[in-house]
Structures are given as structure tokens and as C-alpha cells.
Amino acid sequence: MKLFNRFLTFPKIRDFFKKKCIRFFLWACAAGAALIVAINVYIVLYSRHYIYTEQKSVPKRYTAIVPGARAYPNNVISFVFRDRIAGGMELLTAGTVQKVLVSGDHGRKNYDEVNSALSYIRQMYATDDSLVFLDHAGFSTYETMYRARDVFCVKEAVIVTQPFHMARSVFIARKLGLDAVGYIPEEKNPFSRRTKQYWQLRESLARVKAFFSVTFHKKPTYLGSEIPISGDGRATRD
């Protein structure tokens with residue numbers, strides 16, 4: 001070790017090791033970037049044939065899965081969540097699906113996406129309350145699809161979400177064994193170009209995480225007893 005440290009005191013040897021380290025770092029960065037791009041391309045290409053933008057073209061499935069999005073105090077939900085819910089209820093009204101599973105984060109007392117969504121549905125849509133199921137532990141897209149399969153016994157579904165989120169959602173669902181397609185609802189409150197660019201950047205990393213979650217069969221935070229989607233959605237109220 002002392003001899004090695006003595007060698008490093010010589011300028012030529014020190015410069016040699018510096019160049020090696022810099023070269024290794026650059027190669028590692030390039031390899032990481034290539035892996036991110038490859039995973040993103042794979043997920044987008046894998047999912048694209050299962051995604052629909054016209055409601056009339058969506059094939060019938062038993063369940064619409066509405067992934068959660070931001071909620072605010074006093075049962076106010078984000079425009080992202082509103083558009084997803086609108087798409088799910090549109091499919092229910094049209095008879096394309098028979099049940100709607102609204103998933104989201106309800107891991108804290110002071111933050112509740114799913115009950116906020118239910119309040120919004122009750123205000124805006126005249127529908128049978130028993131047809132709407134709530135998943136209180138859908139903390140991520142991966143956990144939403146995993147729990148849809150193992151807790152709610154979903155076998156086939158239409159996933160309703162925005163374009164930036166759709167490829168990952170369909171990829172996860174189908175890799176977990178669901179006969180899933182995606183429906184992109186109308187954007188009723190247009191989002192800024194800057195916002196969409198931010199979503200795309202964040203999504204590029206989220207797809208990598210989803211790829212490895214599926215590959216290594218990651219378990220969700222919670223599972224619990226089965227609540228079959230074929231039953232009464234009021235059993236999911238808290």
C-alpha cells in the first residue's frame with residue numbers, strides 16, 4: 001500500500017490513474033443512459049398496440065382501472081385525476097366496462113386520493129355507488145396493477161390515464177398477467193407544454209423503475225383479503 005501511494009506521487013502515474021477514472025466514469029454514464037433509452041423504447045413499443053384514443057374503439061373489458069393522482073384538502077382533486085375519472089365513467093356509461101376501480105394513495109389520515117375521487121364522482125355523475133370500487137393502497141402504478149390482480153381479482157381491464165403515463169401502465173398490467181388495454185380520455189383542461197415536458201422526463205425514469213419491479217417481482221406495500229371486483233363496491237368504503 002505504501003509502495004502504491006509512493007507511485008501516485010509521480011505526476012505521470014497520477015495522471016494515468018486520473019485518465020482511467022475519468023474514462024471509466026464516462027463509459028458508466030454512457031452505459032446508464034443507453035440502458036434508460038433502451039428500456040423506454042421497449043416499454044413504449046410493447047404497449048402501443050393496446051392503446052386507444054377513441055372511446056368507440058375500446059374493446060369491452062369488465063373493469064376500468066383509474067390510477068390515482070394528486071388530491072388537495074376539502075376533497076378537491078387535480079385536473080389530471082378528473083380527466084382519468086371522466087374517462088372511466090364514460091366507459092361505464094357506454095357499457096364498455098361494468099365496474100370502475102379507482103386507485104390512489106390513502107396512506108395518511110391527512111391525505112386521501114380515493115375518497116376525494118369518490119366525493120367528486122358522487123357530485124358529478126349519477127351512477128350506482130356499488131359499481132365504484134376504491135383501492136386505498138395504490139401507492140404507485142405498479143402497486144395499483146398488482147393489487148387489482150391479487151386483491152380485487154381483476155383479470156381484464158381498461159386502464160384510463162394520460163398519454164405520458166399510459167405505456168408504463170399497460171406494460172405493468174400485461175406483464176402481471178392482466179388482459180389490459182389503455183384508453184386515453186379527452187384532455188378537458190389543457191396542460192402547459194412545460195408541464196408535459198416535465199411529466200415526460202419524470203416518466204422516463206419511472207419506466208426504468210417499473211421494468212425492474214416487474215423483472216424482480218416486487219411485492220406491494222400491502223395486499224390483504226380479496227375483495228372481488230364482481231361484488232359490491234361499497235365493501236371498499238372506509
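Coordinates for the structure precede this section.
Note that the coordinates shown come from a computational prediction; the quantities given were computed from them, not determined experimentally. (Residues numbered from 1 in each chain as written. Predicted model: local features only at pLDDT ≥ 70, side-chain atom pairs only at ≥ 80, totals over all residues. Heavy atoms only, no water.)

Along the backbone of the protein chain there are seven helices and eight strands. Its C-alpha atoms give the protein chain a radius of gyration of 23 Å, clearly above 18 Å, the size a compact globule of 238 residues would have. Projected onto the principal axes, the alpha-carbon positions of the protein chain cover approximately 80 × 35 × 35 Å. Taking all 238 residues of the protein chain together, 43% fall into the buried category. Long-range contacts, defined here as pairs at least 24 residues apart, represent 75% of the contacts in the protein chain between residues at least 6 apart. In the structure as shown, the protein chain presents an accessible area of about 13,500 Å², 59% of it carried by carbon and sulfur atoms. Charge-centre separation for the protein chain: the mean point of 36 positive side chains lies 14 Å from the mean point of 20 negative side chains. (Helix = DSSP H or I, 4+ residues; strand = E, 2+ residues; numbered from the N terminus. Rg over C-alpha atoms; globule rule 2.2 N^0.38 Å. Buried < 20%, exposed > 50% of the residue type's maximum accessible area, 1.4 Å probe, protein only. Contact = heavy atoms within 4.5 Å. Areas by Shrake-Rupley, 256 points an atom, 1.4 Å probe, with all protein chains shown as cover. Lys, Arg positive; Asp, Glu negative; His and termini not counted. Charge placed at Lys NZ, Arg CZ, Asp CG, Glu CD.)

Before going further, it helps to spend a moment on the pairing of strand S7 (residues 156-160). With four of five residues buried, S7 lies mostly within the body of the structure. The pairing of strand S2 (residues 63-66) with S7 spans three bridges and is parallel. By the bridge assignment, Ile65 is partnered in S7 with Ile159. (Pairing = 2+ DSSP bridges.)

All right, on to the sheet that holds S7 then. Pairing within the open sheet is parallel, and its six strands lie in the order S1-S8-S7-S2-S5-S6. Here the strands that pair on one side only, and so sit at the sheet edges, are strand S1 (51-52) and strand S6 (132-135). Running at roughly 160° to S6, helix H4 (residues 113-124) makes contact with strand S5 (99-103) and S6 of the sheet. Running over the sheet, helix H6 (residues 163-175) touches S1, S7 and strand S8 (179-183) and is turned about 170° from S8. (Axes fitted to C-alpha atoms, helices over the stretch in contact; angles between N-to-C directions.)

Take the side chain of Glu143 next. With respect to the helices and strands, Glu143 occurs in helix H5 (residues 141-150). Notably, Glu143 is buried but unbridged: the nearest opposite-charge side chain belongs to Lys218, and the N-O separation is 5.9 Å. At a separation of 2.6 Å, a polar atom in the side chain of Glu143 contacts the main-chain amide nitrogen of Thr221. The residues contacting Glu143, other than those within four sequence positions of it, are Ala137, Pro220, Thr221 and Tyr222. (Salt bridge = Lys/Arg side-chain N within 4 Å of Asp/Glu carboxyl O. Polar contact = N/O pair within 3.5 Å; in protein donor to acceptor, adjacent residues only side chain to side chain.)

Moving on, we come to the pattern of salt bridges. Within the structure shown, the criterion is met by 10 salt bridges. With a closest N to O distance of 2.8 Å, Arg122 and Asp129 form a salt bridge. In the salt-bridge network here, residues are joined through shared partners; they are Arg61, Arg174 and Asp179.

Contact geometry for H6 and helix H7 (residues 193-215): axes closest at 9 Å, N-to-C directions at 5°. Here H6 lies roughly parallel to H7, going by the angle between them. Between H6, through Phe164, His165, Arg168, Phe171, Ile172 and Lys175, and H7, the contact on the second element is made entirely by Trp199, Gln200, Arg202, Glu203, Ala206, Arg207, Ala210, Phe211 and Val214. Taken together, the residues of the contact of H6 with H7 break down into eight nonpolar, two polar and five charged. (Parallel < 35°, antiparallel > 145°, perpendicular 65-115°, else oblique. Nonpolar A, V, L, I, M, F, W, Y, C, P; charged D, E, K, R; others polar.)

A word on a nonpolar patch on the surface. On the surface, a cluster of nonpolar side chains totalling about 330 Å² of accessible area is made up of Ile22, Phe25 and Leu26. Turning to its location among the elements, Leu26 is positioned in helix H2 (residues 11-47). The class for Leu26 is exposed, based on a relative accessible area of 52%. (Patch = residues over 30% accessible without salt bridge, like charges linked within 9 Å, V, L, I, M, F, W, Y side chains within 5 Å.)

In this section: the packing of aromatic side chains. According to the stated counting rule, one finds 13 aromatic pairs in the structure shown. Centroid distance Tyr42 to Phe211: 6.3 Å. Interplanar angle 90°. Geometry classified as edge-to-face. With Tyr42 in helix H2 and Phe211 in helix H7, this residue pair connects regions lying 169 residues apart in the sequence. Exposure remark for Tyr42: the relative accessible area of 35% places this residue in the partly exposed category. Given the relative accessible area of 23%, Phe211 is considered partly exposed. Taking 6.5 Å as the distance between ring centres and 75° as the angle between the ring planes, the aromatic pair formed by Tyr120 and Tyr125 counts as edge-to-face. Using a relative accessible area of 14% as the deciding quantity, one classes Tyr120 as buried. (Phe/Tyr/Trp six-rings, centres within 6.5 Å; stacked < 30°, edge-to-face > 60°.)

This brings us to the packing of helix H3 (residues 79-94) against H4. Between H3 and H4, the least distance of the axes is 11 Å, while the angle of their chain directions is 60°. With respect to their mutual orientation, H3 and H4 come out oblique. At the point where H3 passes H4, the crossing takes the right-handed sense. Across the interface between the two elements, Phe81, Arg82, Ile85 and Met89 of H3 pack against Glu113, Ala117, Tyr120 and Ile121 of H4. Tallied by class, residues from the contact of H3 with H4 come to six nonpolar, no polar and two charged. (Left-handed = near helix turned anticlockwise from the far one by under 90°.)

Any functional reading would require information that these geometric values do not contain.
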